[in-house]
Amino acid sequence: MEIINQIKDRLSEAGLKATHPRMVILREVMTSEDHPSTENIYEDITNDNPSISLGSIYRVLDVLVDSGLLQRVSVKSGSKRYDANLNPHGHIYCLKTNKIQDFYDEELYSLINDFFKKKRIRNFKINEIKLQVNGERIDPEVDVTIN
């Protein structure tokens, strides 16, 4: 029940009505561990929610991204994946397995921010810096670790 209240609160804070499709889709992305695609979301919710079409999912995801409740993660294949984690973090994307893993490194983000402060890009305000590392896992069964 706590997750339902969190979802309702998030939608309300974003100025959105807590409709059934929004709640189901936001819950799916929030509880997913693998940055789902629209098609993944459809596959996961369709049995319990047959009235939510694939087109509705696309539209709801656009609204949730535009309202700042989700972020899109682009991958090499061109598909878009979704992330409910809005805290500053990067992604490691495996080209072989199509898996996305979050990573956090305050030192790295501090270096990037300091770099751009020193460079003073004129007539440009940086709102966000996203970092994604694309590569291939050597052992697909083992998660990537950063030391």
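Our subject in this report is the structure included herewith.

Here we take up the pairing of strand β1 (residues 71-74). Only one face of β1 is covered, namely the face carrying Q71 and V73; the face carrying R72 and S74 is uncovered. Pairing of β1 with strand β2 (residues 80-83) involves four bridges; the strand directions are antiparallel. Following the sheet pairing, Q71 is matched in β2 by D83. Hairpin connection of β1 to β2: five residues between the antiparallel strands, including G78 at a positive phi of 95 degrees.

Here we come to the side chain of N85. Considering the arrangement of structural elements, one finds N85 in the loop between β2 and β3 (90-94). Within the local environment of N85, its side chain forms a polar contact with the backbone nitrogen of N87, the two atoms lying 3.0 Å apart. Each residue touching N85, except ones within four places of it in the same chain, is listed here: Q71, D102 and Y104.

Summed over the entire model, instances satisfying the criterion amount to one aromatic pair. Judged by centre distance (5.1 Å) and plane angle (85 degrees), the ring pair of F115 and F116 falls under edge-to-face. The class of F115 is partly exposed, set by a relative accessible area of 44%. Classification of F116 by relative accessible area gives partly exposed; the value is 29%.

With that settled, the discussion passes to the packing of helix α2 (residues 20-31) against helix α3 (residues 38-45). At a minimum axis separation of 10 Å, α2 and α3 run at an interaxial angle of 110 degrees. Here α2 lies roughly perpendicular to α3, going by the angle between them. Where α2 abuts α3, its residues V24, I25, E28 and V29 lie against I41, D44 and I45. Tallied by class, residues from the contact of α2 with α3 come to five nonpolar, no polar and two charged.

In this section: the environment of V75. Along the polypeptide, V75 turns up in the loop between β1 and β2. On a C-alpha basis, the gap between V75 and E2 in space is 32 Å, while along the polypeptide they are 73 residues apart. Beyond its immediate sequence surroundings of up to four residues, V75 is in contact with R81, Y93, N98, I100 and Q132.

With that settled, consider the side chain of H35. Its place among the elements puts H35 in the loop between α2 and α3. Taking the relative accessible area as the measure of exposure, H35 reaches 5% and is therefore buried. Dropping the residues within four chain positions of it, H35 is found in contact with V73, R81, Y82, D83, H91, I100 and D102.

This paragraph deals with the nonpolar core. In terms of nonpolar packing, the biggest core is built from 20 residues, with L11, I25, L61, L64 and L70 touching the most fellow members. Contributions of two or more residues to this core are made by α1 (2-13), α2, α3 and α4 (54-66). With residues up to four places along the chain from it excluded, the contact list for L61 reads I25, V29, T38, I41, L70 and Y82.

This part is about the layout of surface pockets. Empty space within the largest pocket amounts to approximately 270 Å³. Residue lining of the largest pocket: 16 residues in total, with Q71, H89, E128, I129 and K130 positioned closest to the centre. Breaking the lining of the largest pocket down by element, the ones donating at least two residues are β1 and β3. Per-element accounting of the lining of the largest pocket gives the leading share, four residues, to β1. Here the second largest pocket defines a volume of roughly 160 Å³. Forming the boundary of the second largest pocket are 13 residues, of which M30, S32, D83, A84 and N85 lie nearest the centre. Elements with a minimum of two residues in the lining of the second largest pocket: α2 and β2.

Definitions and cut-offs
- All residue numbers here refer to positions counted from 1 along the written sequence of the relevant chain.
- Only residues with pLDDT of 70 or above have their local features reported here, since the model is predicted, and side-chain atom pairs are shown and tallied only from 80 upward, although totals for entire chains, interfaces and linings are computed over all residues.
- Only hydrogens and water are removed before side-chain values are computed, so all heavy atoms of the structure are retained for them.
- Throughout, exposure labels follow a simple rule: accessible area from a 1.4 Å probe, protein chains only, divided by the maximum for the residue type, with under 20% read as buried, over 50% as exposed, and the rest as partly exposed.
- Helix and strand definitions here come from DSSP, where helices need a minimum of 4 consecutive H or I residues and strands a minimum of 2 consecutive E residues; each element is numbered from the N-terminal end.
- Two strands are said to pair when DSSP picks up at least two bridges between them.
- In the analysis that follows, any N or O atom pair within 3.5 Å is treated as a polar contact, provided that within protein one partner can donate a hydrogen and the other can accept it, and provided that, for residues neighboring in sequence, both atoms belong to side chains.
- Contact definition: two residues touch when any of their heavy atoms are within 4.5 Å.
- Between the rings of Phe, Tyr and Trp (Trp by its six-membered ring), a pair exists once the centres lie within 6.5 Å; its type follows the angle of the planes, with under 30 degrees stacked, over 60 edge-to-face, and the other angles tilted.
- Under this scheme, a helix contributes an axis fitted over its contacting stretch, all axes are lines through C-alpha atoms, and angles between N-to-C directions fall in the 0 to 180 degree range.
- Put simply, angles under 35 degrees are roughly parallel, angles over 145 are roughly antiparallel, angles from 65 to 115 are roughly perpendicular, and the rest are oblique.
- Charged means Asp, Glu, Lys or Arg here, nonpolar means Ala, Val, Leu, Ile, Met, Phe, Trp, Tyr, Cys or Pro, and polar covers whatever is left, Gly included.
- To qualify as a nonpolar core, a set must consist of buried Ala, Val, Leu, Ile, Met, Phe, Trp, Tyr and Cys residues joined through side-chain atoms within 4.5 Å.
- Within this scheme a cavity is a closed region of a 1 Å grid, computed over the protein atoms alone, that accommodates a 1.4 Å probe without allowing it to escape, whereas a pocket is open but has protein on both sides within 12 Å along at least five of seven lines; lining residues each have an atom within 4 Å of a point.
- Grid points are joined across faces, edges and corners, and a volume is the space filled by probe spheres set on the points.

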